[in-house]
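# Close look at the chain arrangement
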Amino acid sequence: MKKARNRTNWIVMTLVTLGTIVVLFPLYMTVTIALKNPEQMRQSIFSFPADIQWENFSKAIEMTGFFNALGNSAIVTISTVILTLLTNSLVAYAIARNMNHKFFKGLYFYFVSAMFIPFQIIMLPVVKLTSALNMTNLVGLIFLHTVYGLAFNVFIYVAYIRSIPNALEEAAKVDGATTWGTFWRIIFPLLAPMSATVGILTCLSTYNDFLLPLIMISDQSQYTLPLVQYIFQGQFNTDFNLAFASYLMAMLPMILIYIFAQKWIINGVTQGSVKA
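Calculation criteria
Residues numbered from 1 in each chain as written. Predicted model: local features only at pLDDT ≥ 70, side-chain atom pairs only at ≥ 80, totals over all residues. Heavy atoms only, no water. Helix = DSSP H or I, 4+ residues; strand = E, 2+ residues; numbered from the N terminus. Buried < 20%, exposed > 50% of the residue type's maximum accessible area, 1.4 Å probe, protein only. Areas by Shrake-Rupley, 256 points an atom, 1.4 Å probe, with all protein chains shown as cover. Patch = residues over 30% accessible without salt bridge, like charges linked within 9 Å, V, L, I, M, F, W, Y side chains within 5 Å. Salt bridge = Lys/Arg side-chain N within 4 Å of Asp/Glu carboxyl O. Expected span 1.5 Å × (residues − 1). Bend = angle between axes of the 7 residues up to and from the residue. Phe/Tyr/Trp six-rings, centres within 6.5 Å; stacked < 30°, edge-to-face > 60°. pLDDT = per-residue confidence, 0-100. Contact = heavy atoms within 4.5 Å. Axes fitted to C-alpha atoms, helices over the stretch in contact; angles between N-to-C directions. Parallel < 35°, antiparallel > 145°, perpendicular 65-115°, else oblique. Left-handed = near helix turned anticlockwise from the far one by under 90°. Nonpolar A, V, L, I, M, F, W, Y, C, P; charged D, E, K, R; others polar. Core = buried A, V, L, I, M, F, W, Y, C linked by side-chain atoms within 4.5 Å.

Assigned secondary structure in the protein consists of 16 helices and 0 strands. The 276 residues of the protein split such that 36% are buried. Of the accessible surface of the protein, which amounts to about 16700 Å², a share of 69% is contributed by carbon and sulfur atoms.

Attention shifts here to a nonpolar patch on the surface. On the surface, Ile11, Leu15, Leu18, Ile21, Phe25, Tyr28, Ile45, Phe46 and Phe48 cluster together to form a nonpolar patch covering roughly 920 Å² of accessible area. Counting through the fold element by element, Leu18 comes out in helix H2 (residues 10–34).

Here H2 spans 35 Å end to end across 25 residues, near enough to the 36 Å set by a 1.5 Å rise per residue. A bend of about 30° at Leu24 is the largest found in H2, and the proline Pro26 appears one to four places after it.

Throughout the structure, instances matching the rule amount to 14 aromatic pairs. Measuring from ring centre to ring centre gives 6.2 Å for Trp54 and Phe57, while their planes differ by 35°; the resulting arrangement is tilted. Relative to Phe183, the ring of Tyr93 lies with its centre 5.0 Å away and its plane at 45°, an arrangement referred to as tilted. Taken together, the residues Tyr93 in helix H5 (residues 66–96) and Phe183 in helix H11 (residues 179–190) connect sequence positions 90 residues apart. Taken as a pair, Tyr93 and Phe183 share a single burial class, namely buried. An aromatic cluster of three or more residues is present, and its members are Tyr93, Trp180, Phe183, Trp184 and Phe188.

So, about the confidence of the model for the protein. When pLDDT is averaged along the protein, the result is 84, and 90% of the positions lie at 70 or above. Here helix H1 (residues 2–6) stands out as the element of the protein with the lowest mean pLDDT, 54, in contrast to H5, whose mean of 93 is the highest. Segment residues 268–276 is flagged for pLDDT under 50; beyond a separation of four residues in sequence, or across chains, it makes 6 contacts in the model.

Turning our attention to the packing of helix H9 (residues 150–161) against helix H12 (residues 192–208). Axis separation between H9 and H12 bottoms out at 10 Å; the angle between their running directions is 165°. In terms of axis orientation, H9 runs roughly antiparallel to H12. Every pair of crossing elements has a handedness; the one defined by H9 and H12 is right-handed. Residues Phe152, Asn153, Ile156, Tyr157 and Tyr160 of H9 form the contact with H12, whose own contacting residues are Pro193, Met194, Ser195, Val198, Leu201 and Thr202. For the contact of H9 with H12, the class distribution of residues is 8 nonpolar, 3 polar and no charged.

On to the side chain of Asn153. Looking at the element boundaries, Asn153 is found in helix H9. Residue Asn153 is classed as buried on the basis of its relative accessible area of 5%. Residues contacting Asn153, with those up to four places away along its chain left out, are Thr84, Asn88, Val198 and Thr202.

Ranked by internal contacts, the top residues of the largest apolar core, which has 53 residues, are Phe57, Ile95, Tyr108, Val154, Tyr157, Val158 and Leu191. Per element, the largest residue contribution to this core is 9 residues, and it comes from H5. Filtering out sequence-adjacent residues up to four positions away, Tyr157 remains in contact with Leu85, Asn88, Ser89, Ala92, Leu191, Met194, Ser195 and Val198.

See the structure below:
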């Protein structure tokens, strides 16, 4: 039995190793190219630079207006995540606890069906509508990101809420709690594992979104990071070092958030399973 437990599964180990290389090699190339100059690139593109060119980052910051774009992306991302968690969980709670009513059941399937509609189909109507409402700005971007994530978020929230026993809410009502108070004091804390999942996915999709800001934002001072990367790509096409320096700086916030959130979501799942 001990030998069987200590036996290494070489097929799994090989697949894990290959997967790790596939993921880490592009990141390694991004870092090395960002830290080189064109002469070092001509000598060897794969080796780590002996003389690190930190000035690539300062030049990329100046040429792209990096901090302004980072601020815009941070405002949109943080606001969207907060608004999504507060509103989408409420909608899902109302649907999950009233699935026996035809209206709420139809509303649920309406949201689910919206998941199968590509954004490109409604892209032009969105442009016209946002222009008519004077929402071609960061505020409009926040609301649209919140709305577009509603279908998927309701789908996963409803499934999770229905697994929470109704007895908890009935006990709260006996103690005199209102429906509003029951949700915020009992249900919403129990949604921590699912809220972590929704928050992380919303953060990643909003921060990395390119198409929606492209068709909405016309004011250059409100450009987000993906849009700035695209606009200035032509300026970087002859200098890969500056280009990759800007890419690396744009990637760094999401890498840090992912490292932090990965631990947080595991803790959230553990706490949620204990509470359930």
